[in-house]
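Inside the fold
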Amino acid sequence: MTITPVTPVIKKTDLLGFTLPQLQQWLVERGEAAFRGKQIYNWIYQRLAADFATMTNLPQALRSRLEAEASIGPGIVRSEQHSKDDRTRKILLELSDGKLIESVLMLYPPLGESSARATVCVSSQAGCAFGCTFCATGQMGFDRHLSAGEIVAQVLYFARELRAAPWVAAGLPGSRPIDHITNIVLMGMGEPLHNYDNVLQALRILNSAEGFNLGARHMTVSTVGLVPAILKLSQEPLQVN
Ligand code: SF4
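Every chain begins its residue count from 1, and numbering advances along the sequence as written. It should be noted that, the model being predicted, local features are given only for residues of pLDDT at least 70 and side-chain atom pairs only at 80 or more, the latter also being counted only at that level, while totals for whole chains, interfaces and linings use all residues. Calculation of side-chain values draws on the structure's entire complement of heavy atoms; hydrogens and water are dropped beforehand.

Looking at the side chain of Thr-182
- Residue position: Thr-182 is located in the loop between α5 (148-164) and β9 (183-186).
- Think of a polar contact as two N or O atoms within 3.5 Å of one another; within protein, one of them needs to be a possible hydrogen donor and the other a possible acceptor, and neighboring residues in sequence only count if both atoms come from side chains. At 2.9 Å, the side chain of Thr-182 forms a polar contact with the backbone nitrogen of Ala-118. Labels follow the DSSP assignment, with helices taken as runs of H or I lasting at least four residues and strands as runs of E lasting at least two, numbered in each case from the N terminus.

Pasting the structure below:
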């Protein structure tokens with residue numbers, strides 16, 4: 001009998017689930033310098049890098065190590081649909097365990113004094129436990145909570161897309177193209193306050209001044225009304241809507 005050696009599968013760490021101090025700690029635990037954390041954060045959230053190979057100010061050995069041990073978000077985009085006027089874009093994202101979730105980018109042209117807006121409607125769970133009768137997700141039942149990294153990944157996907165191809169409102173000649181995400185709403189699949197800790201972690205990561213730097217007032221958590229969680233959220237230093 002021949003025995004085929006089994007190559008151990010290393011579960012990669014999703015760096016999108018880390019705040020900057022957590023990323024620095026993760027690096028230090030692996031014998032790397034803490035300052036590399038800021039460089040990596042800058043690549044991920046400001047330069048919107050989707051893979052480690054592009055992080056050219058990191059030593060090659062560290063880039064190779066990151067490729068082997070870490071990931072920048074989970075998932076594969078299985079489909080993307082744009083509305084005819086291109087103001088709404090919906091993606092179907094497959095997570096690492098095969099679960100499917102939806103995220104939507106909504107683009108609003110400038111109106112009067114206000115500039116154009118790009119809002120991502122983010123999912124916080126695969127399925128939902130609340131079963132609201134008007135909602136398709138509610139009819140699916142609850143599958144699982146999304147990790148903070150899986151929540152952040154949805155925003156970064158559309159941020160990269162807009163950076164690569166800024167959107168200009170059709171029929172409004174002279175209006176400035178928009179090339180970044182201005183708002184997020186936790187209003188996709190799932191009840192965000194049922195996944196309180198991961199949602200809050202994702203909001204902290206997206207709010208980080210060293211990272212994506214999205215203002216708390218540009219983040220909205222939509223809930224069916226989980227009163228204890230609403231009260232808890234209102235006590236957090238991060239004052240989201
Ligand atoms: S809480 Fe939201 S996602 Fe869940 S069933 Fe109700 S409307 Fe749908």
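Description of the nonpolar core
- The definition of a nonpolar core used throughout is a set of buried Ala, Val, Leu, Ile, Met, Phe, Trp, Tyr and Cys residues joined through side-chain atoms within 4.5 Å. The cut-offs for exposure are 20% and 50% of the maximum accessible area for each residue type, with area from a 1.4 Å probe on protein chains only; residues under the lower value are buried, those over the upper are exposed, and the others partly exposed. Counting residues in hydrophobic clusters, the biggest one holds 66 residues, and the most contacted among them are Leu-15, Ile-181, Ile-184 and Phe-212.
- For this core, the element with the most residues is α5, which contributes nine residues.

A closer look at unusual backbone geometry
- Its identity as a non-glycine residue notwithstanding, Leu-48 has a phi of 60°, on the positive side.
- Position of Leu-48 relative to the elements: it lies in the loop between α2 (35-46) and α3 (60-69).
- The phi dihedral of Asp-86 is positive, around 65°, even though this residue is not glycine.
- If you trace the backbone, Asp-86 turns up in the loop between β3 (76-82) and β4 (88-94).
- Accessibility expressed as a relative area gives 22% for Asp-86, which makes it partly exposed.

Some remarks on the layout of surface pockets
- Each cavity reported here is a set of points on a 1 Å grid over the protein atoms alone in which a 1.4 Å probe fits but cannot get out, each pocket an open set with protein on both sides within 12 Å along at least five of seven lines, and each lining residue one with an atom within 4 Å of a point. Grid points are joined across faces, edges and corners, and a volume is the space filled by probe spheres set on the points. Volume-wise, the largest pocket comes out at about 400 Å³.
- Lining the largest pocket are 24 residues, and of these Cys-135, Met-187, Gly-188, Met-189 and Gly-190 sit closest to its centre.
- Elements with a contribution of two residues or more to the lining of the largest pocket: β5 (100-108) and α4 (136-140).
- For the lining of the largest pocket, the element with the most residues is α4, which contributes four residues.
- A breakdown of the residues in the lining of the largest pocket according to their chemical character gives 14 nonpolar, eight polar and two charged.
- In this model, the second largest pocket occupies a volume close to 220 Å³.
- Lining the second largest pocket we find Lys-11, Lys-12, Asp-14, Ser-71, Pro-74, Ser-96, Ser-147 and Glu-150.
- Under the scheme applied here, ten amino acids are nonpolar (Ala, Val, Leu, Ile, Met, Phe, Trp, Tyr, Cys and Pro), four are charged (Asp, Glu, Lys and Arg), and all others, including Gly, are polar. Taken together, the residues that form the lining of the second largest pocket break down as one nonpolar, three polar and four charged.

With respect to the environment of Thr-88
- Turning to its location among the elements, Thr-88 is positioned in strand β4.
- Exposure remark for Thr-88: the relative accessible area of 36% places this residue in the partly exposed category.
- Residues Thr-88 and Asp-143 lie 55 residues apart in sequence; the distance between their C-alpha atoms is 26 Å.
- What Thr-88 contacts, discounting residues up to four positions off in sequence, is Gln-81, His-82, Ser-83, Val-104 and Leu-105. Here, residues are in contact when the closest pair of their heavy atoms is within 4.5 Å.

Side note on the confidence of the model for the protein chain
- Values of pLDDT, the confidence the predictor places in each residue, fall between 0 and 100. Looking at the protein chain as a whole, the pLDDT averages 90, with 95% of positions reaching at least 70.
- Summarising per-element confidence for the protein chain, the mean pLDDT is lowest in helix α7 (residues 227-234) (82) and highest in helix α1 (residues 20-29) (98).

Points about the side chain of Gln-201
- With respect to the helices, strands and loops of the structure, Gln-201 is situated in helix α6 (residues 196-207).
- Each residue touching Gln-201, except ones within four places of it in the same chain, is listed here: Gly-17, Phe-18, Thr-19, Gln-22 and Ala-148.

Looking at the site of the ligand
- By convention in these notes, a residue is near a molecule or strand provided one of its non-hydrogen atoms lies within 4 Å of it. The immediate surroundings of the ligand are formed by Cys-128, Phe-130, Gly-131, Cys-132, Phe-134, Cys-135, Gly-138, Gly-190 and Val-224.
- Throughout, a molecule is located in a cavity or pocket provided that more than half of its atoms lie within 2 Å of its grid points. Of all the cavities here, the one that holds the ligand is the largest pocket.
- Grouping the amino acids of the shell around the ligand by side-chain chemistry returns six nonpolar, three polar and no charged.

Here we look at the domain arrangement of the protein chain
- Annotation comment: domain bounds sourced from an automatic or database domain assignment. As assigned here, the protein chain comprises domain 1 (13-71) and domain 2 (76-234).
- The centre of domain 1, based on its C-alpha atoms, is set 24 Å off from the matching centre of domain 2.
- Facing 16 residues of domain 1, the contacting portion of domain 2 comprises 16 residues.
- Buried area is understood as the total, over both parts, of accessible area removed when two parts are fitted together, assessed with a 1.4 Å probe. With both sides pooled, the region where domain 1 packs onto domain 2 buries about 1300 Å², and carbon together with sulfur makes up 61% of that total.
- If you sort the residues of domain 1 by the area they bury against domain 2, Leu-16, Tyr-45 and Leu-48 come out on top, with a joint share of 45%.
- Whenever Lys or Arg places a side-chain nitrogen within 4 Å of a carboxyl oxygen from Asp or Glu, that contact is recorded as a salt bridge. Taken together, the links from domain 1 to domain 2 amount to zero salt bridges.
- On the surface where domain 1 and domain 2 come into contact, there are six residue pairs in polar contact (both at pLDDT 80 or more).

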